[in-house]
Amino acid sequence: MAEKVCSHHKSKKKKILRRCCAGLLIFNFILLFLILIIWAVLQPKKPRFTLQDATIFTLNVSAPNVISTTVQVTINSRNPNNRIGVYYDKLDAYATYHNQQITYYTVIPPVYQGHKDVNVWSPFLYGNNVPVAPYNGLALSQDQSNGAIRLTVKLDGRVKWKVGSFISGRYHLHISCPAYIPLGNSKNTGIIVGNAVKYQLSQSCSVSV
């Protein structure tokens, strides 16, 4: 009799366990289905960035491994989403040369970007007597002799997504804008602006989140 009771209890526990597992699977399926529907409706896209121009105030090599830079860049940011807003919590802009940072961080103030909105930022990027690898200083001198240099303007920061009243957690944002700048001044290269030279670039930037 005791064996029958134990067997009955074991069978009952197995049924409860099976029901719990089935319920959990159904819940996960419904949750995944809802996420797919939301994604299909919203069709989220990353913000798009364009480096419009660069104004060179200073860009020289004072020693084989020391670079001084003063550049103002204009960056266009567009939110292509119809239903998703973007909070730029933090953005730091800086310039690199051959993957080595040659300016200090310039902070771009936090801003909210609504659906289909466009923001334009024009930060100054400074770097006074920044030590770099000797071969980078030599490469910059060679590029100046050749009449063109290739810098990369980067923005690193954190963003949050807004859908209706829902605001997501923070996500890292990395933007990289190549800037191929012909030096000197002519109708085909730069425009003299005071003591600087402005170059129209219109370069698309890569974005990773």
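Along each chain, residues carry numbers from 1 onward, in the same order as the chain's sequence is written. The predicted origin of the model limits local features to residues at a pLDDT of at least 70 and limits the giving and counting of side-chain atom pairs to 80 or more, whereas totals for whole chains, interfaces and linings rest on all residues. Think of the side-chain values as coming from all heavy atoms in the structure, minus any hydrogens and water.

- By the naming in an unreviewed UniProt entry, the protein goes by NDR1/HIN1-like protein 1 and is assigned to Sesamum angolense.
- UniProt positions are given in the numbering used here, feature names are shortened, and annotations may be inferred rather than shown by experiment. Within the UniProt record for the protein, the comment given under Subcellular location (unreviewed entry) is "Membrane".

1. Some remarks on unusual backbone geometry
- Positioned with a positive phi, Lys116 is a non-glycine residue whose angle comes to about 60°.
- Secondary structure is summarised from DSSP: a helix means a run of H or I of at least four residues, a strand means a run of E of at least two, and numbering begins at the N terminus for each. Topologically, Lys116 is positioned in the loop between β6 (111-113) and β7 (118-121).
- To sort residues, take the accessible area from a 1.4 Å probe on protein chains only and compare it with the maximum for the residue type: under 20% means buried, over 50% means exposed, and anything in between is partly exposed. Of the residues examined, Lys116 reaches a relative accessible area of 39% and is grouped as partly exposed.
- Phi angles above zero are rare outside glycine, and Asn129 is one such case at about 50°.
- Its location among the elements puts Asn129 in strand β8 (residues 124-131).
- Asn129 sits in the partly exposed class, given a relative accessible area of 44%.

2. Here we look at the confidence of the model for the protein
- Per-residue confidence from the predictor is reported as pLDDT, which spans 0 to 100. When pLDDT is averaged along the protein, the result is 84; 86% of the residues meet or exceed 70.
- Of all the helices and strands in the protein, helix α1 (residues 2-42) carries the lowest mean pLDDT, 67, while strand β5 (residues 106-108) carries the highest, 97.

3. With respect to the nonpolar core
- In this structure, Phe49, Leu51 and Ile181 are the most contacted members of the largest nonpolar core, which totals 40 residues.
- Among the secondary structure elements, those contributing two or more residues to this core are β1 (48-63), β2 (66-78), β3 (85-97), β8, α2 (134-146), β9 (148-163), β11 (171-182) and β13 (196-204).
- The residues touching Ile181, leaving out its near neighbours within four places in the chain, are Ala54, Ile56, Gly147, Ala148, Ile149, Leu151, Tyr199 and Leu201. Residues enter a nonpolar core if they are buried and are Ala, Val, Leu, Ile, Met, Phe, Trp, Tyr or Cys, with the set joined through side-chain atoms within 4.5 Å. By definition in these notes, contact holds between two residues if any of their heavy atoms fall within 4.5 Å.

4. Considering the state of the cysteines
- What counts as a disulfide here is a pair of cysteine sulfur atoms lying within 2.5 Å. Across all of its chains, the model carries 1 disulfide by this definition.
- Through a disulfide, Cys177 is tied to Cys205; the S-S separation comes to 2.1 Å. Taking the torsion about the sulfur-sulfur bond, which here is approximately 110°, the covalent link between Cys177 and Cys205 counts as right-handed. One end of the pair, Cys177, is in strand β11; the other, Cys205, is in the loop between β13 and β14 (206-208), with 28 residues separating them in the sequence.
- Of all cysteine sulfurs, the one in Cys20 lies closest to Cys21, which takes part in no disulfide; the gap is 6.9 Å.

5. Section: the packing of aromatic side chains
- Any two of the Phe, Tyr and Trp rings considered here, Trp counted by its six-membered ring, make a pair once their centres fall within 6.5 Å; the pair's planes then place it as stacked at under 30 degrees, edge-to-face at over 60, or tilted in between. The full count for this structure, using the stated rule, is 7 aromatic pairs.
- Between Phe57 and Phe124, the ring centres sit 5.7 Å apart and the planes meet at 45°, which makes this aromatic pair tilted. Remark: Phe124 occurs in strand β8 and Phe57 occurs in strand β1; sequence separation between them is 67 residues.
- The partly exposed category is assigned to Phe124, whose relative accessible area is 29%.
- Aromatic pair Tyr94 and Tyr105: ring centres 5.1 Å apart, planes at 80°, arrangement edge-to-face. Taken together, the residues Tyr94 in strand β3 and Tyr105 in the loop between β4 (100-101) and β5 connect sequence positions 11 residues apart.
- On the accessibility criterion, Tyr94 (8% relative accessible area) is buried.
- Among the aromatic residues, those joined into a cluster by ring pairs are Phe49, Tyr88 and Trp121.

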